[in-house]
Amino acid sequence: MGRVGVLLLNLGGPDQLEDVGPFLFNLFSDPEIIRLPFPWLQKPLAWIIATMRTRKSQENYRHIGGGSPLRRITEEQATALQQNLQQRGIEAQVYIGMRYWHPFTEEAVARIKRDRIEKLVILPLYPQFSISTSGSSFRLLEKLWQQDPALQQIEYTVIPSWYQRAGYLQAMAQLIAQELDQFPNPESVHIFFSAHGVPLSYVEEAGDPYQEEIEKCAELIMKTLNRPNAYTLAYQSRVGPVEWLKPYTEDAIPALAASGVKDLLVVPISFVSEHIETLQEIDMEYRALAEKSGIRNFHRVPALNTHPVFINDLAEMVVESLNAPSLKLEQVVHPPKKVKMYPQERWEWGMTTAAEVWNGRLAMIGFMALVLELLVGRGPLHFVGLL
């Protein structure tokens, strides 16, 4: 089989408070996070946001211990996966590639080359695909592959998403059942799936399958759980001046309380590791909102982390991918529809010179509105739960 490698992809997070500013700059320098009509504005805007919001974001990280646990947990997942593969007779080296902080995807790719990996499985730690998460990492990898003949010699395959896999669903159902049974009346508990949101335009205009996969995932988890509990799916961490997938978590929780719900179990459906969005946004912000709204018992299902059923399913995915026809990056990075918002360089507004002039003016008005929104409060840091 040759030298086998597995590349785990994730967002990344600041390891300590001093890393917050540079991490934010990296995050908002990505056009998949903030879409602008003029590429030259990307880095200046990223610098403005990072400079203005670093102190507040540091305070949020201070509340969860002074940094993100994401790297540590991802390393534990990588070690557990590598050991599981070894038990199956597969000597594979597992690498971690973070999009916005160390170890960066580029660092992981350099190590893959150094180790002379011959067969590689690219596995995002996002159960559901979105052009803003897995898609952003895939686009970066596609660029690296196109530029490096040595990488083109590696036989690789990509796993776009895996929300429907039986092992993943079983692990989620086990965690939910454990938390339900902590309530005095488990059957009366309302299960609340909170997923990371994306702009509505990603779904309706760019054809992002994220919403469909999230909805199907919640349905499959409930079917696997096989309990009579009612459930709701909502979306957290939305960005400022554009419409995002609804309902919003911060609206859905008070609405459930107003309808008489007293016992709420929150399930972070799009996250497989504890990080700022689970430990601070859900555990602190949404807990306070729930209690204020009249929710009596607010519990949260822990992230999968190194749950043995989950790790075993990751290993089975790797084995299946090694034995199946390969799926290439160019087959998964591009959305099914060509629109002005994706990719960034394909903005096409208007058909006449006059129209182009007005389009430019409107774009700048929109840009200034975006900047104001970001600096005064509910801006793109909510995209990663940092406000």
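Residues numbered from 1 in each chain as written. Predicted model: local features only at pLDDT ≥ 70, side-chain atom pairs only at ≥ 80, totals over all residues. Heavy atoms only, no water.

**Focus on helix α1 (residues 20–28)**
- By the burial criterion, the buried members of α1 are V20, G21, F23, L24, L27 and F28. Along the long axis of α1, the arc covered by the buried residues comes to 160 degrees, so they all point the same way.
- Buried positions along α1 lie against α2 (42–63). (Buried < 20%, exposed > 50% of the residue type's maximum accessible area, 1.4 Å probe, protein only. Helix = DSSP H or I, 4+ residues; strand = E, 2+ residues; numbered from the N terminus. Arc of directions from axis to C-beta. Contact = heavy atoms within 4.5 Å.)

**Focus: the pairing of strand β7 (residues 263–268)**
- For β7, the tally of buried residues reaches six of six residues, placing the bulk of the element in the interior.
- Of the two faces of β7, the one carrying D263, L265 and V267 and the one carrying L264, V266 and P268 are both buried.
- In this sheet, β7 lies alongside strand β5 (residues 190–196) in parallel orientation, the contact comprising five bridges. Bridging from a neighbouring strand, S194 pairs with P268 of β7.
- Across four bridges, β7 lies against strand β8 (residues 297–300) in parallel orientation. Looking at the pairing, L264 lines up with F298 of β8.
- Crossover handedness for the path β7 to helix α10 (residues 276–293) to β8: right-handed. (Pairing = 2+ DSSP bridges. Right-handed = clockwise from strand over helix to strand, strands pointing away.)

**Some remarks on the sheet that holds strand β1 (residues 4–10)**
- Pairing in this open sheet of four strands is parallel, and the strands run β2-β1-β3-β4 from one edge to the other. In this open sheet, the two edge strands, each paired with only one partner strand, are β2 (92–98) and β4 (155–158). Each adjacent strand pair in this sheet contributes to an overall mean axis angle of 20 degrees, direction not counted.
- In this structure, β1 lies alongside strand β3 (residues 119–124), joined through six bridges in parallel fashion. (Axes fitted to C-alpha atoms, helices over the stretch in contact; angles between N-to-C directions.)

**Concerning the pairing of β4**
- Summarising the sheet, β3 and β4 pair through four bridges and their orientation is parallel. The partner of I122 across the bridge, within β4, is V158.
- The parallel pair β3 and β4, bridged by helix α5 (residues 134–147), forms a crossover whose chirality is right-handed.

**A closer look at the packing of aromatic side chains**
- If you walk through the whole model with that rule in mind, you get seven aromatic pairs.
- Taking the centre distance of 6.1 Å and the plane angle of 70 degrees together, the rings of W101 and F104 count as edge-to-face. Each member of the pair W101 and F104 is classed as buried.
- Three or more aromatic residues joined by ring pairs make a cluster, and in this case those are W162, Y168 and F310.
- Above the plane of the ring of Y156 lies K328, whose end atom (NZ or CZ) is 4.1 Å from the centre. (Phe/Tyr/Trp six-rings, centres within 6.5 Å; stacked < 30°, edge-to-face > 60°. Lys NZ or Arg CZ within 6 Å of the ring centre and 35° of its normal.)

**Details of the packing of helix α6 (residues 166–180) against helix α11 (residues 308–322)**
- In the contact formed by α6 and α11, the axes pass within 8 Å of each other and the chain directions differ by 170 degrees. In terms of orientation, α6 and α11 fall into the roughly antiparallel class. Taking contact as the criterion, the partners of G167, Y168, Q170, A171 and Q174 in α6 are, on α11, V309, F310 and D313.
- By residue class, the composition of the contact of α6 with α11 is four nonpolar, three polar and one charged. (Parallel < 35°, antiparallel > 145°, perpendicular 65-115°, else oblique. Nonpolar A, V, L, I, M, F, W, Y, C, P; charged D, E, K, R; others polar.)

**A short note on the nonpolar core**
- Ranked by size, the top nonpolar core spans 85 residues in total, and within it I176 and F193 carry the most contacts.
- Of the residues forming this core, the biggest block, nine residues, is contributed by α6.
- Look past the residues within four positions of I176 in its chain and what remains in contact with it is I191, F193, I221, L225, L265, V267 and V301.
- Core analysis: the second largest hydrophobic core is formed by 22 residues, V20, I33, I64 and W101 among them. (Core = buried A, V, L, I, M, F, W, Y, C linked by side-chain atoms within 4.5 Å.)

**What about the side chain of S29?**
- Relative to the assigned elements, S29 resides in the loop between α1 and α2.
- Among all residues touching S29, those that are not within four sequence positions of it are Q42, K43 and A46.

The values reported here are purely geometric and, on their own, carry no functional implication.
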